[in-house]
Amino acid sequence: MYESPGELLPKESESDRAAPRNSSAGTAEKSPRESVPVVGGEDVSVSQVLVPSVSPENADSLPSLPVPAAAVAMSSTSSEPQDAEAALKSSSSLGSEALDANGKSPSEFGEIEMPEQNGDSSDSAKDGDAEAMEKPSGLVEEEASPEKPSRKASFCHDASDNVKATIRPCPSLSANLNNYDSMEDAPLPANGSPVMEEAWERLNKSYVFYKGKPVGTLAAMDPNADALNYNQVFVRDFVPSGLACLMKKDMEPEIVKNFLLKTLHLQGWEKRIDNFTLGEGVMPASFKVGFDLQDKKERLVADFGGSAIGRVAPVDSGFWWIILLRSYTKCTHDYSLADLPVVQKGMKLILNLCLSDGFDTFPTLLCADGCSMIDRRMGVYGYPIEIQALFYFALRCAQQLLKPERDGKELIERIDKRIMALSFHFRKYYWMDHTQLNIIYRYKTEEYSDTAVNKFNVIPESIPDWVFDFMPLRGGYFIGNVSPARMDFRWFLVGNCIAILSSLATTAQATAIMELIEDRWEDLIGEMPLKITYPALEGHEWRIVTGCDPKNTRWSYHNGGSWPVLLWLLTAACIKTGRPQTAKRAIELVEKRLAKDGWPEYYDGRSGRYIGKQARKYQTWSISGYLIAKLMIENPANISIISFEEDKKISKPRLTRSTSF
Ligand code: GLC
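Residues numbered from 1 in each chain as written. Predicted model: local features only at pLDDT ≥ 70, side-chain atom pairs only at ≥ 80, totals over all residues. Heavy atoms only, no water.

In the annotation of an unreviewed UniProt entry, the protein is listed under the name Alkaline/neutral invertase and assigned to Rhodamnia argentea. Note on the protein: under the UniProt heading Function (unreviewed entry), the record states "Invertase that cleaves sucrose into glucose and fructose." (UniProt positions renumbered as here; feature names shortened; annotations may be inferred.)

As structure tokens, this is what we get:
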């Protein structure tokens, strides 16, 4: 599955990092393959080898690769537990990192690498970030307080007077993120049951270290399966891990901050697939830590989709990144991270990818198949619900995080407009319930002009038979995709739950979704929560839509498989809609088997009874997803780290039949 990163490796090595972003200088003489060969790829040379970074705990899980022993030894010493521990302590003074009087940014680990996205050095210098980035290693760490921030720490209070003047919450940020106080009084859960204790232990073991600091979690640590690319830190997979670190009793915000900064740094790479350069704002799907024997330095190696099945860039990564940044900020009250010029710029680059003018007549985002959690061909090309819901979620987070200075104001205005248009379109055209299905069933076709009721010319004969049986009289859901003459009626869990969490769904729609889940429990939850999509594609449809994908056979993997990681999204949606009992039912089902089965990635079968054919065991997001589901059910106030209240300013679309019909 995993292929050699080839040209997706960083164009520039550490030594030539300062070269301008689009400069071709250096690429001719030093191809990425030559400069950074990667273990696991075909072009491993003895003199210059990268190996996955070994944290002492995860050493066992690393694949047997043709790596010289010396390389492994060198790599493993680079992340000694004591070093990591000490470094962690010294860097844990989030928010009390020194900013100078000009508002210059704090260093990342005391040794920040300058994202190339800020290749416009004059701009960077103006922003004050370049200088801070070049601060000698350790400078900031020495100044830092060794104390970890409390859950409701006020960093201004901890900092020196000098720092107080410069670390200030951005006005929009503090105004919008103030809805957090309830958390402080709520009881914090202990590590809980033996299953939870095992989960915490396994989550800790999945930590990936870079220069002694935790920067993410491995996707899986299955000792009996090929690592493929599961020995990488996936951006989307890290979200539940990061939330677990934020929600746990002894909060660990460092790993989240490090992850956000490291991935931001990777965004700055020039990303090329064959001769084509990807957009500046694209975030990686995943990265791993390698060790360059020649430079004797650890290196990050990222994949922007070019090494993945299908060669599709992950549209979801950037959105998850913004969402996690808001969670981090909201949870820690460390506004200084989101305030950094590089972070502001990273956000803008992500948003520019989605908000630029084009040929679109819809406010939704046009996507290729396989651009999100479902990262193989599954017929989700077009305007998939998962991306639309994440897009909306990220826009709302960015509304809170972006500073209005400079071009920020104009961008915030564009975001406001898009939020209005997107929520109207989504709530109106993706919504399906018994009434709406009946309307579509009776649609006329070939309607011209703006009075058309059947706006996308959907032919009623294209409605699949199963929907008529599936649709309860009470309840409803957002369908998978809406585009010209095409409605994908499949149920997708991620999109529906994200729509609830972000308040893209109206209160009535959110309630209806929960009613549908309860009504169709056997189909959507079954014996092992939760179906990623329903129903499965079978026979001819499977052949045509998936291209005969042997991994996505019916009721397996993305094609109707059951994914325990999704438990956290269901739990959050249940709490938000006031139905914690529904979440508890699902959690009990998970607890019956998940740990005993070795925390698999997914289950197969109509009711999810069988461990997935090709499922990895000890899949980190199955572990962290379970943990945050438990943490939220034990302390529902935790949900505020990730959820949004309804935006009262957005008008509700009329979901009734148009009078022009
Ligand atoms: C699989 C999943 C993808 C996930 C990755 C790492 O490829 O489809 O969503 O991010 O594994 O766990």
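Colleague: Explain the packing of aromatic side chains to me, please; I cannot follow it from the model alone.
Modeller: Any two aromatic rings considered together are summarised by their centre-to-centre distance and by the angle between their planes. Under the defined criterion, the tally for this structure stands at 24 aromatic pairs. Put simply, the rings of W466, F470, Y477, W491, Y534 and W555 pair up and form one aromatic cluster. We note K248 situated over the ring of W200; from NZ or CZ to the ring centre the distance is 4.9 Å. Over the ring of Y557 we find K551, and its NZ or CZ is 4.2 Å from the ring centre. (Phe/Tyr/Trp six-rings, centres within 6.5 Å; stacked < 30°, edge-to-face > 60°. Lys NZ or Arg CZ within 6 Å of the ring centre and 35° of its normal.)

Colleague: For this particular structure, what's the right way to read the site of the ligand?
Modeller: In the region of the ligand, 13 residues are neighbours, and D237, M373, D375, H558 and Q619 sit closest. One of the side-chain N or O atoms of D237 is found 2.5 Å from an oxygen atom in the ligand. In the model, an oxygen atom of the ligand is placed 2.7 Å from a nitrogen or oxygen of the H558 side chain. Burial of the ligand by the surrounding chains reaches 99%, relative to a free accessible area of 300 Å². (Near = heavy atom within 4 Å. Polar contact = N/O pair within 3.5 Å; in protein donor to acceptor, adjacent residues only side chain to side chain. Areas by Shrake-Rupley, 256 points an atom, 1.4 Å probe, with all protein chains shown as cover.)

Colleague: What exactly am I supposed to notice about unusual backbone geometry here?
Modeller: Peptide bonds are trans in most cases, and residues, glycine excluded, mostly fall at negative phi. Cis geometry is found at the peptide bond from P529 to L530, where omega equals -5°. You can see L530 is positioned in the loop between helix 23 (521–524) and strand 13 (533–534). Of note, the bond from Y534 into P535 is cis; its omega dihedral lies within 30 degrees of zero at -10°. Relative to the helices and strands, P535 is located in the loop between strand 13 and helix 24 (539–546). In this structure, R406 is a non-glycine residue whose phi angle is positive, near 50°. Positive phi, close to 60°, is recorded for W555, a residue that is not glycine. You can see W555 is positioned in the loop between helix 24 and helix 25 (567–576). (Helix = DSSP H or I, 4+ residues; strand = E, 2+ residues; numbered from the N terminus.)

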